Every structure is written in structure tokens, then in C-alpha cells.
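One letter stands for each residue in the lines below.
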Amino acid sequence: MFCAIIFDCDGVLVDSEVLAHEIEARVLSGIGLHYDPHEFKARFMGMSDAAFRAALEADGQARLGRSILAEIQGPMDAQYKHAIDTRLTAVAGAVDAVRAVTHVKAVASSSQTAALEKKLRKTGLWETFAPHVYSAEHVTHSKPAPDLFLHAASTLGVSPADCLVIEDSVNGVNAAHAAGMRVWGFMGGGHMDAHSRARLEAARVERVIEDWPHFSRVLSSLP
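Quantities reported herein were computed from a predicted structural model and do not represent experimental measurements.

The rules behind each value
- Residues numbered from 1 in each chain as written.
- Predicted model: local features only at pLDDT ≥ 70, side-chain atom pairs only at ≥ 80, totals over all residues.
- Heavy atoms only, no water.
- Buried < 20%, exposed > 50% of the residue type's maximum accessible area, 1.4 Å probe, protein only.
- Helix = DSSP H or I, 4+ residues; strand = E, 2+ residues; numbered from the N terminus.
- Pairing = 2+ DSSP bridges.
- Right-handed = clockwise from strand over helix to strand, strands pointing away.
- Contact = heavy atoms within 4.5 Å.

Draft legend 1. The pairing of strand S4 (residues 163-167), seen in detail. Of all five residues in S4, five are buried, a share of seventy percent or more. Residues Cys163, Val165 and Glu167 of S4 are buried on one face, and the alternating residues Leu164 and Ile166, pointing to the opposite face, are buried as well. In the sheet, strand S1 (residues 4-7) pairs with S4 via four bridges, with the strands oriented parallel. Its bridge partner being in S4, Ala4 is matched across the sheet by Cys163. Alignment of S4 against strand S5 (residues 182-186), held across four bridges, turns out to be parallel. If you follow Ile166 over to S5, its bridge partner there is Trp184. Remark: the S4/helix H9 (residues 170-178)/S5 crossover connection has right-handed handedness.

Given below as C-alpha cells:
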């Protein structure tokens, strides 16, 4: 059994991944860098902002023959801010489900600290987790490295083996496995589809959770 639950944020607690993918596809296609949407999610979801932009820069150099960061960073940042300010919501059922969790709990997200706090406050989730909210800025290596989950467990005062992680990305699942934690795949975000499920299953999640009501039913049924 586990005594602590560590939650990813984007696409698990807040429905931000669907907004981010829309923005990223629009900005990148606008400069001539095109991706298959399923491959894009599989490769980049769960990465820190720094790692994501480094990978895009490498793709720009390889595929377009030029640096692209100056072209994409400003438009992406402006559109992210507008989307979070005007369109961001909690994933359906998340607020009630996590408030009902009696286990020790934390958020461990590849987002930057300020953005993470803004998203959690906007969706009414900050007080449920604070002060146990950890970002990519708390560690040297973010997901898929185990460092962020290990940092969260250490700060909670629990063994990694006693932690359950809730994740929507393969990078996050791999990080949880590397940390020696149990991990459930979460399908409730607006960006998830049949391809996402297949990737989670291939990454060897312990079980697939359809949405927050399903999470609550499963959690309450455990001995």
C-alpha cells in the first residue's frame, strides 16, 4: 500500500495541456516546423520548459537550418498567458477528488514555479497542496529523470516505495518508475486520446484511470 500520492499538474489537475498543444502547433507551423500531433505529445509532454525549448531549437536547426527560439518564444509566452488568464479550468472533478484524498499529497510538475502557482491558484487547488508544490526549478534534472519525484518524497518525509504517482505523460511515468514509485496513468485531460492510452499502457502504468470520479472509486476500494 502507499501512504503518499504525488500528482502531476498539467493535464492531470488543470486542463492546460490541450491549450498548450493548440498554441504550440499554431506557432510552430507558422514558422514552417510541422509535427504529427500524436508524435508531438508522445515526445514532449512532461518535459520542463527548458528541455522542451532546447529540443525545438535542435529541430529548427536540423529541419529548417536556423535558430528558431527568437521566433517562437515571444508568441508562445504571450499566447500561453492569454489562454491561462481566459480559458484555463481544472480538469473536471479534480478539485473535489483531491480535496477528499486523506493521504499525504504533493504536486510535482515540470512547469516553472510561478506558472505552476498561478495555475493552481486560478483553479482553486493551491490551498489543497501548499506548501507541497514542487516544480522543475527545485531540481537539476526534471522528468523523465526521477529527481523531482524523489525531492517531493523526501520533503514529504516518505519513502519513494510508499508513493503513488498520478501522471498523463510517458516522461512522467518513466520518472516515477525511475524513482521506484507506483504510477497510475490518467486519461481525464482534454488532450488525451486512444494513442495516449496506448502509450501509457506501453510505459507500464499499474492501471489506467479514466477520470477523477474513477480515481475516487478506485482509491476508496483499496484495502
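Draft legend 2. Seen up close, the pairing of S1. Residue alternation in S1 divides its side chains into two sets, Ala4 and Ile6 and Ile5 and Phe7, and both sets are buried. Pairing analysis gives four bridges linking S1 to strand S2 (residues 104-108), with the strands arranged parallel. Looking at S2, one finds that Phe7 is bridged to Val107.

Draft legend 3. Local environment of H9. Looking at H9, one finds that the buried residues are Asn171, Gly172, Val173, Ala175 and Ala176. Buried residues in H9 make contact with helix H2 (37-44), helix H8 (147-156), S4, S5 and helix H10 (194-202). Just past H9, the residue Gly180 takes up positive phi, approximately 80 degrees.

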